[in-house]
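Below, each chain spelled out in residue letters.
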Amino acid sequence: VHDDAINEFNDMKLKRIKAKFIIYKIDGPNIISEQKSESDDFDTFLAALPADDCRYAIYDMDFETNDGRPGNKLVMVAW
C-alpha cells in the first residue's frame, strides 16, 4: 500500500478530511487512491466502482442502533 493511501485513510479515520468514501486500485506493485468523494449518496459510491475490475474501498457508514442512538463505522469493501 502506497504511503499516500495510508495517510488518506488515517485522515478519514480521524475526521481530518470530509470524505464519505475512498476507492483504491492496484497500480503495479502499489495500492493507490483512485477516487474520493464527500457525497452522502450510497448510489454515487456504487456507481464509482467499476463493473469489470477489482477495487478496494473505505466507506464511512452512518447508522442508527436498535435503541435509537446514532452510530458510525468505517466499512472496508473488497470489490
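What you see is a predicted model; the values in this text were computed from it and never measured.

Caption draft 1: Spotlight on the overall build of the protein chain. Within the protein chain, the regular secondary structure consists of two helices and four strands. Across the protein chain, helices and strands are ordered from the amino to the carboxyl terminus as α-β-β-α-β-β. With the C-alpha coordinates of the protein chain rotated into their principal frame, the extents come out at 45 × 25 × 20 Å. Residues counted as buried form 25% of the 79 residues belonging to the protein chain. Within the protein chain, counting contacts between residues at least 6 apart in sequence, those at least 24 apart form 41% of the total. A total of about 5400 Å² of accessible surface is found on the protein chain, and carbon and sulfur atoms cover 50% of it.

Caption draft 2: Representation of the pairing of strand β1 (residues 21–27) in the model. Pairing of β1 with strand β2 (residues 30–37) involves seven bridges; the strand directions are antiparallel. Each residue of the ladder has a partner; that of K25, found in β2, is I32. Hairpin connection of β1 to β2: two residues between the antiparallel strands, including G28 at a positive phi of 65°. As paired elements, β1 and strand β3 (residues 56–64) share four bridges and run antiparallel to each other. Bridge pairing links I22 to I58 in β3.

Caption draft 3: The packing of aromatic side chains, seen in detail. Taken as a whole and assessed by the stated rule, the structure comprises four aromatic pairs. Taking the centre distance of 5.6 Å and the plane angle of 45° together, the rings of F42 and F45 count as tilted. Within this pair, F42 and its partner F45 are both found in helix α2 (residues 42–48), separated by three residues, close to a single helical turn. Look at F45 and you get buried, because its relative accessible area is 3%. A ring pair is formed by F45 and Y59, whose centres lie 4.9 Å apart and whose planes are at 45°; its orientation type is tilted. Highlighted residues: F45 in helix α2 and Y59 in strand β3, separated in sequence by 14 residues. Here a set of aromatic residues connected by ring pairs shows up, and it is made of F21, F42, F45 and Y59.

The rules behind each value
Residues numbered from 1 in each chain as written. Predicted model: local features only at pLDDT ≥ 70, side-chain atom pairs only at ≥ 80, totals over all residues. Heavy atoms only, no water. Helix = DSSP H or I, 4+ residues; strand = E, 2+ residues; numbered from the N terminus. Buried < 20%, exposed > 50% of the residue type's maximum accessible area, 1.4 Å probe, protein only. Contact = heavy atoms within 4.5 Å. Areas by Shrake-Rupley, 256 points an atom, 1.4 Å probe, with all protein chains shown as cover. Pairing = 2+ DSSP bridges. Phe/Tyr/Trp six-rings, centres within 6.5 Å; stacked < 30°, edge-to-face > 60°.

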